[in-house]
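Here's the letter readout for the chains.
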Amino acid sequence: MPREISFFDAYIPTVLLLAVLAAVLAMAADRVLVRLGFYELTWHPALFRVSLFVCLAALLGLFVYR
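Everything quoted here is computed from the prediction, not taken from an experiment.

**Examining the environment of Asp9**
Then, in step 1: Take Asp9: it is sitting in the loop between strand E1 (4–7) and strand E2 (10–13).
Then, in step 2: Given the relative accessible area of 76%, Asp9 is considered exposed.
Then, in step 3: On a C-alpha basis, the gap between Asp9 and Thr42 in space is 45 Å, while along the polypeptide they are 33 residues apart.

**Notes on the confidence of the model for the protein**
Then, in step 1: Per-residue confidence for the protein gives a mean pLDDT of 91, with 97% of residues at or over 70.
Then, in step 2: Ranking the helices and strands of the protein by mean pLDDT puts helix H1 (residues 14–36) first, with 95, and E1 last, with 80.

**Quick word on the pattern of salt bridges**
Then, in step 1: Tallying each qualifying case throughout the model produces one salt bridge.
Then, in step 2: With its nearest N and O atoms 2.8 Å apart, the salt bridge here joins Arg49 to Asp30. Placement of the pair is Arg49 in helix H2 (residues 45–65) and Asp30 in helix H1, with a sequence separation of 19 residues.

**A closer look at the packing of aromatic side chains**
Then, in step 1: Overall, the coordinates contain four aromatic pairs when judged by the stated rule.
Then, in step 2: Centroid distance Phe38 to Tyr39: 6.1 Å. Interplanar angle 65 degrees. Geometry classified as edge-to-face.
Then, in step 3: We classify Phe38 as partly exposed; its relative accessible area is 29%.
Then, in step 4: Ring geometry for Tyr39 versus Phe48: centroids 5.9 Å apart, planes at 75 degrees, classification edge-to-face.
Then, in step 5: Put simply, the rings of Phe38, Tyr39 and Phe48 touch in pairs and so form one group of aromatic residues.

Rules used in this analysis
Residues numbered from 1 in each chain as written. Predicted model: local features only at pLDDT ≥ 70, side-chain atom pairs only at ≥ 80, totals over all residues. Heavy atoms only, no water. Helix = DSSP H or I, 4+ residues; strand = E, 2+ residues; numbered from the N terminus. Buried < 20%, exposed > 50% of the residue type's maximum accessible area, 1.4 Å probe, protein only. pLDDT = per-residue confidence, 0-100. Salt bridge = Lys/Arg side-chain N within 4 Å of Asp/Glu carboxyl O. Phe/Tyr/Trp six-rings, centres within 6.5 Å; stacked < 30°, edge-to-face > 60°.

Shown next as structure tokens:
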């Protein structure tokens with residue numbers, strides 16, 4: 001995959017698009033986890049949400065750039 005993607009003559013880094021996709025996936029997973037009551041088991045829900053986003057973004061980056 002290229003390092004940059006041309007979007008209306010503006011070059012956007014692929015990592016930025018992966019971060020947006022990771023944010024969408026994290027929000028979807030967050031809704032599911034809230035409905036299941038998972039956050040009652042976590043020590044710090046906001047920290048878990050951020051770590052979920054970071055893990056998803058890293059996995060997507062490894063998947064694309066490997």
